[in-house]
Amino acid sequence: ADRSARATLIDRIERAALADDARGVVLDFENLPPDAHDAYRRFLGEARRRLAARGLLLTIAAPVGDEAWDLARYAPLVDRLFLMAYDEHWPEGEPGPIASQPWFARVVGDAVKAVGADKATIAIGNYGYDWGAGVAEPITVAQAWERAAAAGVLPRFDPVTGNSHIVYRKDGVVHQLWLLDAL
C-alpha cells in the first residue's frame, strides 16, 4: 500500500529479471486479506508499466473460487494469470477433495470467462492433504502412497469427485487423506 515500498519492490523485481535474462516474472502473493486487493492491483498496474517498457511479461498466480480475488479486475493489469484450480478443501477446513471435478469445472469455467481464454493458464495440483486430528498436513503424492502402504490400505479413486481418497488409522486416530494424482 506504500508508494515508496511499491517502487522499491518493482525496482528489485526489474533488476532480478534483467540480470537473469528473463522474459518476465510470475508473482504469487497468497493469503491476501480482502482489504489488500486494491493495493495489490495498484502495485500490479505500476509493475506492468515498468516491466512492459523493458519487454518483460508480468504474470500472476491467482486462486479460483475465492470471491476476494475479483479476477476480472486483475486481468487488465497483467499479461497472463495462472489460475490455481485447487484447494476446494484446505488444511484448516473440513476434510474433502482438493479439486472435485464438479467444483473444478465450475470455478475454472467462471475464471476463464472472467479473464479471457487468451490470458488464462490453468494450474493443477499434484499433492495431498492428510487430515488426522486437527489441521491437515500437506504431503506429496509419494508420501500419500507410503502412508497407505504402511497402513495396509489402497488409495481409492472416488468417481463422484474425481479425486483419490485414503482412510486409515494411525495411533488410534482416523485419517482422511485426499490427493490429486494420476490414479
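Starting from 1, residues in each chain are numbered consecutively following that chain's sequence as written. Per-residue local features of the predicted model are confined to residues with pLDDT of at least 70, and side-chain atom pairs are confined, for both listing and counting, to 80 or more; whole-chain, interface and lining totals are unaffected and use all residues. Think of the side-chain values as coming from all heavy atoms in the structure, minus any hydrogens and water.

(A) Layout of the overall build of the protein. Here a helix means four or more residues in a row that DSSP labels H or I, a strand means two or more in a row labelled E, and each is numbered from the N terminus. For the protein, the helix and strand inventory stands at five helices and nine strands. Along the protein, from the amino end to the carboxyl end, the secondary structure elements read α-β-α-β-α-β-α-β-β-β-α-β-β-β. Only protein chains enter the accessibility calculation, which uses a 1.4 Å probe. A residue is then buried if its area is under 20% of the maximum for its type, exposed if over 50%, and partly exposed in between. When the 183 residues of the protein are sorted by exposure, 39% land in the buried category. The long-range fraction of contacts in the protein, counting pairs at least 24 apart against all pairs at least 6 apart in sequence, stands at 58%. In short, Shrake-Rupley with a 1.4 Å probe defines the accessible areas, and a residue's cover is counted only from the protein chains shown. Within the structure as shown, the protein displays about 10,200 Å² of accessible surface, and the carbon and sulfur contribution to it stands at 53%. In the protein, 20 side chains carry a positive charge and 26 a negative one; their mean positions are 7 Å apart. Two residues form a contact once any of their heavy atoms are found within 4.5 Å. Just so you know, the count uses Lys and Arg for positive and Asp and Glu for negative, and it drops His and the chain ends. Charged groups are reduced to one reference atom each: NZ for lysine, CZ for arginine, CG for aspartic acid, CD for glutamic acid.

(B) Inspection of the pattern of salt bridges at higher detail. Basic side-chain nitrogens of Lys or Arg form a salt bridge, by our definition, when they fall within 4 Å of a carboxyl oxygen of Asp or Glu. Counted by the stated rule, this structure contains nine salt bridges. The shortest N-O distance in the salt bridge between R6 and E46 comes to 2.9 Å. A residue pair is termed long-range when its members are at least 10 positions apart, and R6 in helix α1 (residues 3-19) and E46 in helix α2 (residues 37-53) qualify at 40 residues. The exposure class of R6 is buried, given its relative accessible area of 7%. Judged by its relative accessible area of 23%, E46 is partly exposed.

(C) Quick peek at the environment of F29. For F29, the location among the structural elements is in the loop between β1 (24-27) and α2. Each C-alpha atom, one on F29 and one on I60, is 8.1 Å from the other, the two residues being 31 residues apart in sequence. If we skip the residues at most four places from it in the chain, F29 touches L9, Y40, F43 and W69.

(D) Structural context of the pairing of β1. Judged by which residues are buried, β1 turns out to be one-sided: V25 and L27 face inward and are buried, whereas G24 and V26, on the alternate face, are not. In the sheet, β1 pairs with strand β2 (residues 57-63) via four bridges, with the strands oriented parallel. If you follow L27 over to β2, its bridge partner there is I60. A crossover links β1 with its parallel partner β2, the connecting element being α2, and its sense is right-handed. Any two strands with at least two DSSP bridges between them are considered paired. The definition of a right-handed crossover adopted here requires that, viewed with the strands pointing away, the path from the first strand over the helix to the second runs clockwise.

(E) Molecular detail of the sheet that holds β2. Read across the open sheet, the four strands follow the order β1-β2-β3-β4; overall the sheet is parallel. Unpaired on one side and paired on the other, β1 and β4 (120-123) mark the two borders of the sheet. Each adjacent strand pair in this sheet contributes to an overall mean axis angle of 20°, direction not counted. Sheet analysis places β2 next to strand β3 (residues 80-84), joined by five bridges and oriented parallel. Opposite A62, over in β3, you have L83 as the bridge partner. The convention used is that axes are lines fitted to C-alpha atoms, helices contributing only their stretch in contact, and that angles between N-to-C directions extend from 0 to 180 degrees. Across the sheet, α2 touches β1 and β2, and the angle it forms with β2 is around 155°. Relative to β4, helix α4 (residues 101-115) is tilted by about 155°, and along the sheet it contacts β3 and β4.

(F) View of the sheet that holds strand β7 (residues 156-158). Taken in spatial order, the five strands make up an open sheet running β6-β5-β9-β8-β7, and their pairing is antiparallel. Since the sheet does not close on itself, it has two edges, and those belong to β6 (137-139) and β7, each with one partner. Between one strand and the next, the sheet's axes are offset by a mean angle of 30°, whatever the strand orientation.

(G) Representation of α4 in the model. With 15 residues, α4 should reach 21 Å at 1.5 Å per residue; the first-to-last C-alpha distance of 21 Å fits that figure. Three or more residues of α4 are buried, namely W103, V107, V108, A111 and V115. The buried residues of α4 all sit within an arc of 110° when viewed along its axis, so they share a single face. In α4, the exposed residues that point more than 90 degrees away from the buried face are P102, A105 and K113. Residues of α4 that are buried make contact with α3 (71-74), β3 and β4. Backbone geometry just downstream of α4 places G116 in the positive-phi region, at approximately 95°. Here the expected span of a helix is defined as 1.5 Å times the quantity of residues minus one. This arc is taken over the directions from the axis of the helix to the C-beta atoms.

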